[in-house]
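Architecture at a glance
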Amino acid sequence: MKPRITVITLGVDDLARAVTFYRDGLGFTTEGIIGTEFEHGAVAFFDLESGLKLALWHRRDLAHEAKVPMSVSSPGEFTLGHNVSSKDEVDQVMEEAERAGAVISDRAHEAFWGGYSGHFQDPDGHLWEVVYNPAWEGE
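These notes cover the structure that comes with them. Keep in mind it's a predicted model, so treat the numbers as computed, not measured. (Residues numbered from 1 in each chain as written. Predicted model: local features only at pLDDT ≥ 70, side-chain atom pairs only at ≥ 80, totals over all residues. Heavy atoms only, no water.)

Some remarks on the sheet that holds strand β3 (residues 43-47)
Read across the sheet, four strands follow the order β1-β4-β3-β2 without closing on themselves; strand pairing throughout is mixed. In this open sheet, the two strands that pair with only one neighbour each are β1 (7-12) and β2 (29-34). Across this sheet, the average inter-strand angle for adjacent strands is 15 degrees, counted without regard to direction. Bridge count between β2 and β3: four bridges; the pairing is antiparallel. Looking at β3, one finds that T30 is bridged to F46. Seen against the sheet, helix α2 (residues 59-66) touches β1 and β4 (53-58) and runs at an angle of roughly 100 degrees to β4. (Pairing = 2+ DSSP bridges. Helix = DSSP H or I, 4+ residues; strand = E, 2+ residues; numbered from the N terminus. Axes fitted to C-alpha atoms, helices over the stretch in contact; angles between N-to-C directions. Contact = heavy atoms within 4.5 Å.)

Right under this line is the structure:
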């Protein structure tokens, strides 16, 4: 297996609400919800940079497709990292997310490892880290 990820799918409780957050609140590009003619098929895809896609799919439909039981989720299971080029950009993205309805769980601050970061949760509790890492400049 090549070390490559092409789609990140997030299970959500309310697909329309999640689309509104990512499309209208954060400005992500999407054609909207598609696949509604199929049982368990309604999904929304967002084009991210470098060919990566973000998919939003109802939690129950994702569990059905993967043949796994529904369980309680925890926002501490993983983060989606959004790296930016400056501390000011971290602050701007955090403000944009908050205006969009995100819950700020960790206000932007100087990190112990020399960077600057903050965390927010989308309407379904998925945890995002917005981070400036000076060690990654020029990459």
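Next, the rest of the story.
Overview of the sheet that holds strand β8 (residues 127-132)
Spatial strand order, β5-β8-β7-β6: four strands in an open sheet with mixed pairing. The two strands at the open ends of the sheet, each matched to only one other strand, are β5 (79-84) and β6 (103-110). Direction aside, the axes of adjacent strands within the sheet are offset by 15 degrees on average. Alignment of β6 against strand β7 (residues 116-121), held across five bridges, turns out to be antiparallel.

Things to note about the packing of aromatic side chains
Summed over all chains, the structure comprises seven aromatic pairs. On the basis of an interplanar angle of 55 degrees and a centroid distance of 6.0 Å, the ring pair of Y22 and F46 is categorised as tilted. With a gap of 24 residues between them, Y22 in helix α1 (residues 15-25) and F46 in strand β3 connect regions that are remote in the sequence. As far as the burial class goes, Y22 and F46 line up, both buried. (Phe/Tyr/Trp six-rings, centres within 6.5 Å; stacked < 30°, edge-to-face > 60°. Buried < 20%, exposed > 50% of the residue type's maximum accessible area, 1.4 Å probe, protein only.)

Overview of the layout of surface pockets
Size it by volume and the largest pocket reaches roughly 600 Å³. By residue number, the principal contributor to the lining of the largest pocket is β5, which donates five residues. When grouped by side-chain class, the residues that make up the lining of the largest pocket number nine nonpolar, six polar and three charged. In this structure, the second largest pocket encloses a volume near 430 Å³. Contributing to the lining of the second largest pocket are 22 residues, with G11, R59, S73, E77 and H126 lying nearest its centre. Put simply, the parts of the chain that give the lining of the second largest pocket at least two residues each are β1 and α2. (1 Å grid on protein atoms, 1.4 Å probe; cavity = no way out; pocket = protein on both sides within 12 Å on 5 of 7 lines; lining within 4 Å. Points joined across faces, edges and corners; volume = space filled by probe spheres on them. Nonpolar A, V, L, I, M, F, W, Y, C, P; charged D, E, K, R; others polar.)

Regarding the pattern of salt bridges
Applying the stated criterion to the full structure yields seven salt bridges. Notably, a salt bridge pairs D13 with R59, separated by 2.9 Å at the nearest N-O pair. Residue D13 is located in the loop between β1 and α1, and its partner R59 is located in helix α2; the two are separated by 46 residues in the primary sequence. A relative accessible area of 45% places D13 in the partly exposed class. Look at R59 and you get buried, because its relative accessible area is 16%. (Salt bridge = Lys/Arg side-chain N within 4 Å of Asp/Glu carboxyl O.)

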